[in-house]
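So you can see what is in the structure, the chains are spelled out below.
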Amino acid sequence: MICYTEQTLTKEELREEFKKYKSEIKDEDKIREYIDKNNTKQLKAIDDNFTPSPKYMLFEEYFKKEKFKYVSFVNAISSMYFRKRVGRNINIVIYDDKYDFIYGILSLSSPMLFNKVIDDYLKEKVENYDFKDHAKYINNHLIDISVCVGTGILTNYLSGKLLLLSALSSEIVNLFNQKYNTDIRLIMTTSIYGKSSIYNRIKNFEYLGLTKGYNAAFTKDQIKWLKDTYKEVYPNRKGNLTAKTVHLFRLYEHLFNYFKGDMPFYPLKMSKGTYIYDSYIHNFNSFNENVNYWLERWYIPRRERINNIKILW
């Protein structure tokens, strides 16, 4: 295990750091223009004291005319660095039917096969789970909310919680089931910056603690250095030189130990908050039920607080 000091940056500092790791955004100007117009529509809706009317649609269908690339769109609206998840994915837009804007986007994906926090939960809480069939169980019954990103002024009105609740809806889970012939019973996610405010206090969405391992971010130049140096230091090894972060971090660990910590760079290193929704205990609600819950529990109280502050000013 690497013994260098773990970075203790604030969330705001981490967001600034992550900008260094983003890949180029294709059609960035076009996407930025769309986002600006989208926010203008949100502001108009707020000025009208609107009642949200959220709907959902597959990303590829919603942006059929614009032909936006999903990875580019995520990187344009999110502070995180994003690469398309390997394996099974469905990408969703949550939009407003009356005011023609989007609240944000979601992606439901195949999870990592092994996550100690999740594995411990399965062993302890899931009655029909058998570790001998771990891979089969994960593939058939568990998905990861790999993207949950709101956009525009409505993020101040807790639209991020709307996105999360949408991901926990039976209709959206069934989109994944129908596409991949699965029987999803559990939904997990890991937050980017430790314990997350978006995921907190969502009913039946349980916080399990921080991941036991670490995530690390690398720039393109750092990835090149890792691969080239690893080949020089270990010419006879058949090391996994893919661009996946988990493999790159292993290469980094090997080289860190070889050079006794004298490295040209030290990657961002952090644990993530882990959350789970268990439909064995709590059935998936319908999309409309979750929207109504969000309106009553989160949106309307927040709108009233913001309006009261405006009156005071």
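Residues numbered from 1 in each chain as written. Predicted model: local features only at pLDDT ≥ 70, side-chain atom pairs only at ≥ 80, totals over all residues. Heavy atoms only, no water.

### Remarks on the overall build of the protein chain
Selection rule: Here a strand is any run of E in DSSP of at least two residues, a helix any run of H or I of at least four, and the numbering for each starts at the N terminus. To sort residues, take the accessible area from a 1.4 Å probe on protein chains only and compare it with the maximum for the residue type: under 20% means buried, over 50% means exposed, and anything in between is partly exposed. Values of accessible area rely on a 1.4 Å probe in the Shrake-Rupley scheme; residue burial ignores everything except the protein chains shown.
Tallying secondary structure elements over the protein chain gives eleven helices and nine strands in all. Here the protein chain, with 313 residues, has 49% of them falling under the buried criterion. Working note: accessible area of the protein chain is about 16,900 Å², and carbon and sulfur atoms make up 49% of it.

### Overview of the confidence of the model for the protein chain
Applicable threshold: The quantity known as pLDDT measures the predictor's confidence residue by residue, on a range of 0 to 100. The contact criterion used throughout is that any non-hydrogen atoms of two residues lie within 4.5 Å.
Across the protein chain, pLDDT averages 86, with 84% of residues at or above 70. Taken as a whole, residues 1-7 scores under 50 in pLDDT and shows 22 contacts with residues more than four places along the chain or in a different chain.

### Points about the sheet that holds strand 1 (residues 54-58)
To summarise the sheet geometry, strands pair through backbone hydrogen bonds and adopt either a parallel or an antiparallel arrangement. This is how it is decided: Only when DSSP finds a minimum of two bridges between them are two strands counted as paired. Every angle, taken between N-to-C directions, lies between 0 and 180 degrees, and every axis is a line fitted to C-alpha atoms, over only the stretch in contact when it is a helix.
If you trace the seven strands from one edge of the open sheet to the other, you get 1-2-3-4-5-9-6, paired in mixed fashion. Strands at the two margins of the open sheet, each flanked by one partner only, are strand 1 and strand 6 (205-210). For this sheet, the mean inter-axis angle between neighbouring strands, taken without regard to orientation, is 30 degrees. Packing of helix 6 (residues 134-141) onto the sheet brings it into contact with strand 4 (142-150) and strand 5 (186-190), and relative to strand 4 it is tilted by some 45 degrees.

### A closer look at empty space enclosed by the protein
Where empty space is left can be seen by rolling a probe of water-molecule size over the atoms. Test applied: Using protein atoms alone on a 1 Å grid, points that fit a 1.4 Å probe yet trap it form a cavity, whereas open point sets bounded by protein on both sides within 12 Å along at least five of seven lines form a pocket; residues with an atom within 4 Å of a point count as lining. Grid points are joined across faces, edges and corners, and a volume is the space filled by probe spheres set on the points. Each residue is assigned to one class: nonpolar for Ala, Val, Leu, Ile, Met, Phe, Trp, Tyr, Cys and Pro, charged for Asp, Glu, Lys and Arg, and polar for all the others, Gly among them.
What the rule picks out here adds up to two cavities of 30 Å³ or more. In this structure, the largest cavity occupies an estimated 50 Å³ of space. Every residue lining the largest cavity is listed: Leu165, Leu168, Lys203, Asn204, Tyr277, Asn285 and Asn290. Class assignment for the residues of the lining of the largest cavity results in three nonpolar, three polar and one charged.

### Notes on unusual backbone geometry
For asparagine 49, which is not glycine, the phi dihedral falls at a positive 55 degrees. Following the sequence through the fold, asparagine 49 ends up in the loop between helix 2 (28-47) and strand 1. A residue is classified by how much of its surface remains accessible, and asparagine 49, at 47% relative accessible area, is partly exposed. Here the phi dihedral of asparagine 181 falls at roughly 55 degrees; this positive angle occurs in a residue that is not glycine.

### A look at the nonpolar core
Worth spelling out the cut-off: To define a nonpolar core, start from buried Ala, Val, Leu, Ile, Met, Phe, Trp, Tyr and Cys residues and group those joined through side-chain atoms within 4.5 Å.
Core analysis: the biggest nonpolar cluster contains 41 residues, and Ile94, Ile145 and Ile187 have the highest contact counts within it. Elements supplying a minimum of two residues to this core: helix 2, strand 2 (89-96), strand 3 (101-109), strand 4, helix 7 (159-167), helix 8 (170-180), strand 9 (273-278) and helix 11 (287-312). With near-sequence residues (within four places) excluded, isoleucine 187 lies in contact with Leu142, Ile143, Ile145, Ala167, Leu168, Val173, Phe205, Tyr275, Ile276, Tyr277 and Phe284. Ile31, Phe73, Val93 and Ile105 belong to the second largest nonpolar core, which has 21 residues in total.

### Considering the packing of aromatic side chains
Note the threshold: Think of it this way: a Phe, Tyr or Trp ring, Trp meaning its six-membered ring, pairs with another when their centres are within 6.5 Å, and the plane angle makes it stacked under 30 degrees, edge-to-face over 60, tilted otherwise. Geometrically, a charge over a ring is one whose NZ (Lys) or CZ (Arg) sits within 6 Å of the ring centre while staying within 35 degrees of the ring normal.
Using the criterion set out here, one finds 33 aromatic pairs in the structure. On the basis of an interplanar angle of 50 degrees and a centroid distance of 4.9 Å, the ring pair of phenylalanine 176 and tyrosine 180 is categorised as tilted. Of this pair, phenylalanine 176 and tyrosine 180 both sit in helix 8, four residues apart, roughly one helical turn. By way of ring pairs, the aromatic residues Tyr34, Phe59, Tyr62, Phe63, Phe68, Tyr70, Phe73 and Tyr95 are connected into one cluster. Over the aromatic face of tryptophan 298 sits the side chain of lysine 161, whose NZ or CZ is 4.5 Å from the ring centroid. Lysine 203 extends its terminal NZ or CZ atom over the ring of tyrosine 293, reaching a point 4.2 Å from the ring centre.

### Some remarks on the pairing of strand 5
Most of strand 5 sits inside the fold, with four of its five residues counted as buried. Examined bridge by bridge, strand 4 and strand 5 share three bridges and lie parallel to one another. Counted as the bridge partner of leucine 142 is leucine 186 from strand 5. Strand direction decides the pairing type here: strand 5 and strand 9, joined by five bridges, are antiparallel. If you follow isoleucine 187 over to strand 9, its bridge partner there is tyrosine 277.

### What about the side chain of arginine 303?
As for its position among the elements, arginine 303 is in helix 11. Excluding residues within four positions of it along the chain, arginine 303 makes contact with Asn49, Phe50 and Tyr157.

### Remarks on the pairing of strand 4
In terms of residue burial, strand 4 counts as a mostly covered element, since nine of its nine residues are buried. As defined by bridge partners, strand 3 adjoins strand 4 across six bridges and the pair is classed as antiparallel. Across the sheet, residue serine 109 finds its bridge partner in strand 4, namely aspartate 144.

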